[in-house]
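The residues making up each chain are set out below.
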Amino acid sequence: MNDLSTAGDRLVVVSNRLPVVLRKIDGSWSFSPGSGGLVSALAPVLRNRGGIWIGWPGSVEAETSAMQEVLEEATRHSGYTLKSVALDMRDKNDFYHGFANEVIWPLFHDLQSHCNFAPRYWDAYTRVNRKFADVIIRSVGPDDFIWVHDYHLMAVGRELKALGMGAQVGFFLHIPFPPPDIYMKLPWRFPLLRALLEYDLIGFQTLRDRRNFLQCVRLIAPDLTISGKGQVVTLRVGRREVRVGTFPIGIDFKEFARDSQNEAVARLARHIHRDLPGRQMILGVDRLDYTKGITHRFEAFRNALQRFPELHHRTTLVQVVVPSREDIPKYHSLKVEMEQLVGEINGQFTQSGWVPIHYIFRSLSRTELLAYYRACHIALVTPLKDGMNLVAKEFCAANPEGEGVLILSEFAGAAAQLQKAALLVNPYNVEEVAEAIQRAIHMSAGERRARMHKLKRFVRDYDIFWWVDAFLRAAIAKDLSNFPVPEDYVPHMETISL
Ligand code: ADQ
């Protein structure tokens, strides 16, 4: 594989969406920044290294030069260029809404009852993955490193090989990989696994995801051998040799820590405090998504208010939800359900001078987001399942006073790294989450500081640049024995005697 440290070799990032969204307003194109974990994570990497970002700009109109000009304008000062992949309405419906968001997204988050396995979706997936491969082939040079991201593009490696591409290609899955008994429900389980095995390096967020993947491969390939036992192992199936690693994604810690201390953020954080005087503020920040466990969180907060009346007037839950995939019916009905629940809980508990839940449904500016991270005392990060969850890490980085408490779902990938210093909870167990809220509210300043110190150390040491370097080193290293064994999540089991 190429040595990326030599000048001239470019990093080519490929993801379903570009980091900007194009929109046509009154006949002319404009762009706005994209949202979500993948964009937050990769934008600083490309700003730092330069390269190309290939993806769909979010519009189904045929590509024009006006569109290209806006894309060029969007990254004029960012140090990297954008290349768009054109998708039409059928692609958007059957590939993006269909295969990606009605099949893979729910299935890989263990929610198979949310899946719609419509037969036409697989053809759309293959067709669109081929479109991405076509653009990649036309855009890259022989020494570039191609790094494909996420569940929309699991078959791009296979399509690139079919088009005769000789260069090696890496892939990172941002979401969890499910255990075999769930994965095997997928009607296209075998071709999808075979497609994944055409990549040369596959990265997962946690050891659990890698273990699940290897168990699935073993079911279709009994001749599978695995060598090594560290962060990266080598898998051999027939003629294929594939590296498979665990690379927990991080954030740009330094930037979050620095920006959270700037004057505009501090002013806004003071403002938020002034509006809610004497309160311990609990923060939830999520994309609108049923995997994020937002309604379970509201129920847990309701349970806390019922069981611990001393929290009344003393605690406010600030829940920020960023709009996402709203044109998919499941997401729209989730929004309605959330809003009903907020109304119900506020109706049940509000008293003069105190509203228990502050609900914000919009995308926040970076200054606003940082101000909420700074102003709130407790972060309630309780997804039902999550690849990593960057909000948990951003809250720690943006906590200069070092007294924030992180309540974290044991089903977030972040739990593997942060389990010793966060308060871990099962998000389905509303009583347990309620007790964690109560515990966080009463936690001494000393314990808060000691826990936050540990959390920050992890988030700082394993930041986004560590993640990129680890992945790229795994791609080119001759010897994989220098990669340490990654942290694994150990469930806190109760022992029972029968
Ligand atoms: P996501 O599911 O998008 O990412 P997450 O990791 O929590 O989830 O990232 C969300 C990002 O959006 C954060 O960077 C956050 O700051 C930003 N954000 C959230 N709400 C916002 C708001 N109201 N306004 C502005 N910004 C907001 C996927 C996987 C995750 C994985 C990431 C990265 O599902 O598990 O951690 O990719 O690999």
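In what follows, the accompanying structure is described. (Residues numbered from 1 in each chain as written. Predicted model: local features only at pLDDT ≥ 70, side-chain atom pairs only at ≥ 80, totals over all residues. Heavy atoms only, no water.)

**Section: the sheet that holds strand 15 (residues 378–381)**
Convention followed: In this analysis, strands are considered paired if DSSP registers two or more bridges between them. Strands here are runs of E lasting at least two residues and helices are runs of H or I lasting at least four, both read from the DSSP assignment and numbered beginning at the N terminus. To obtain an axis, a line is fitted to C-alpha atoms, over the contacting stretch when the element is a helix, and the angle between two such axes runs from 0 to 180 degrees between their N-to-C directions.
Spatially, six strands are ordered 14-13-12-15-16-17 in an open sheet, and the strand pairing comes out parallel. Taken across any chain shown, the strands that pair with only one partner, and hence form the sheet edges, are strand 14 (357–361) and strand 17 (423–425). The sheet shows a mean angle of 20 degrees between the axes of neighbouring strands, taken without regard to direction. The pairing of strand 15 with strand 16 (residues 405–409) spans four bridges and is parallel. Each residue of the ladder has a partner; that of A379, found in strand 16, is L406.

**Describing the pairing of strand 11 (residues 240–246)**
The test is simple: Remark: exposure states derive from per-residue accessible area (1.4 Å probe, protein chains only) relative to the maximum for the residue type, with buried under 20%, exposed over 50%, and partly exposed in between.
With six of seven residues buried, strand 11 lies mostly within the body of the structure. In terms of strand pairing, strand 8 (residues 201–204) meets strand 11 through four bridges, oriented parallel. By the bridge assignment, F204 is partnered in strand 11 with T246. Bridge count between strand 10 (residues 232–237) and strand 11: six bridges; the pairing is antiparallel. Along strand 11, the bridge assignment pairs T234 with R243. Taken together, strand 10 and the strand that follows it, strand 11, pair antiparallel across an intervening segment of two residues, in which G238 is found at a positive phi of about 55 degrees.

**Observations regarding the packing of helix 3 (residues 89–108) against helix 4 (residues 120–139)**
Note the cut-off: Angles are sorted into four bins: roughly parallel if under 35 degrees, roughly antiparallel if over 145, roughly perpendicular if 65 to 115, and oblique for all others. If you view the pair so one helix is near and one far, a crossing is left-handed when the near helix is turned anticlockwise from the far one by less than a right angle, and right-handed when it is turned clockwise. Any pair of residues with heavy atoms lying within 4.5 Å of one another is described as a contacting pair. Just so you know the grouping, Ala, Val, Leu, Ile, Met, Phe, Trp, Tyr, Cys and Pro go in nonpolar, Asp, Glu, Lys and Arg go in charged, and all remaining residues, Gly too, go in polar.
Running from N to C, helix 3 and helix 4 point in directions that differ by 110 degrees, and their axes come no closer than 8 Å. Between helix 3 and helix 4, the angle is such that the two are roughly perpendicular. Relative to helix 4, helix 3 is oriented so that their crossing is left-handed. Residues R90, D91, D94, F95, G98, F99, E102 and V103 of helix 3 touch helix 4, and the partners they reach there are R120, Y121, W122, A124, Y125, R127, V128, N129 and K131. Class assignment of the residues belonging to the contact of helix 3 with helix 4 gives a composition of eight nonpolar, two polar and seven charged.

**Focus: helix 16 (residues 430–442)**
How we decide: Expected helix span is taken as 1.5 Å per residue step, with the number of steps being one fewer than the number of residues.
The terminal C-alpha atoms of helix 16, which comprises 13 residues, lie 19 Å apart, in line with the 18 Å expected from a rise of 1.5 Å per residue. Turning to helix 16, its buried residues are V433, A434, A436, I437, Q438, A440 and I441.

**Looking at the pairing of strand 6 (residues 145–149)**
Counting buried positions along strand 6 yields five of five residues, so the element is predominantly enclosed. Covered by surrounding structure in strand 6 are F145, W147 and H149 together with I146 and V148, the residues of both alternating faces. Note: strand 1 (residues 11–17) against strand 6, four bridges, orientation parallel. Directly across from L11, in strand 6, lies its bridge partner F145. Of the strand pairs in this sheet, strand 6 and strand 7 (residues 169–172) are connected by four bridges, and their pairing is parallel. Bridge pairing in strand 7 places V148 opposite F171.

**Considering the pattern of salt bridges**
Rule in force here: In the sections that follow, a salt bridge refers to a side-chain nitrogen of Lys or Arg positioned within 4 Å of a carboxyl oxygen of Asp or Glu.
Taken as a whole and assessed by the stated rule, the structure comprises 35 salt bridges. Between R239 and E198 there is a salt bridge; the shortest N-O distance is 3.5 Å. Highlighted residues: R239 in the loop between strand 10 and strand 11 and E198 in the loop between helix 7 (189–196) and strand 8, separated in sequence by 41 residues. Its salt-bridge partner being E339, residue K335 comes within 3.4 Å of it at the nearest N-O pair. Of this pair, K335 and E339 both sit in helix 12 (residues 329–349), separated by four residues, roughly a single helical turn. Owing to a relative accessible area of 34%, E339 belongs among the partly exposed residues under this scheme.

**What to know about the site of the ligand**
As a reminder, the rule being used: We call a residue near a molecule or strand as soon as one heavy atom of that residue lies within 4 Å of the molecule or strand. Whenever two N or O atoms come within 3.5 Å, that pair is a polar contact, provided that in protein one can donate a hydrogen and the other can accept it, and provided that, for residues adjacent in sequence, both atoms are side-chain atoms. For the area figures, the Shrake-Rupley method with a 1.4 Å probe applies, and any residue is considered shielded solely by the protein chains shown.
Of all residues adjacent to the ligand, which total 25 residues, the nearest are H174, L364, D386, M388 and E394. In the environment of the ligand, an oxygen atom lies 3.0 Å from a nitrogen or oxygen atom belonging to the side chain of K292. Side-chain polar atom of D386 to an oxygen atom of the ligand: 2.5 Å apart, as the coordinates give it. With the chains in place, 94% of the 730 Å² that the ligand exposes on its own is no longer accessible. Among the secondary structure elements, those contributing two or more residues to the shell around the ligand are helix 1 (37–49), strand 12 (280–287), strand 13 (315–322), helix 13 (366–375) and helix 14 (390–397).

**A short note on the side chain of K385**
Along the chain, the position of K385 falls in the loop between strand 15 and helix 14. According to the relative accessible area criterion, K385 is buried, its value standing at 7%. Polar side-chain contacts of K385 include one of 3.0 Å to the side chain of D110. Once residues lying within four places of it in the same chain are set aside, the contact partners of K385 are H109, D110, P176, R208, T291 and F411.

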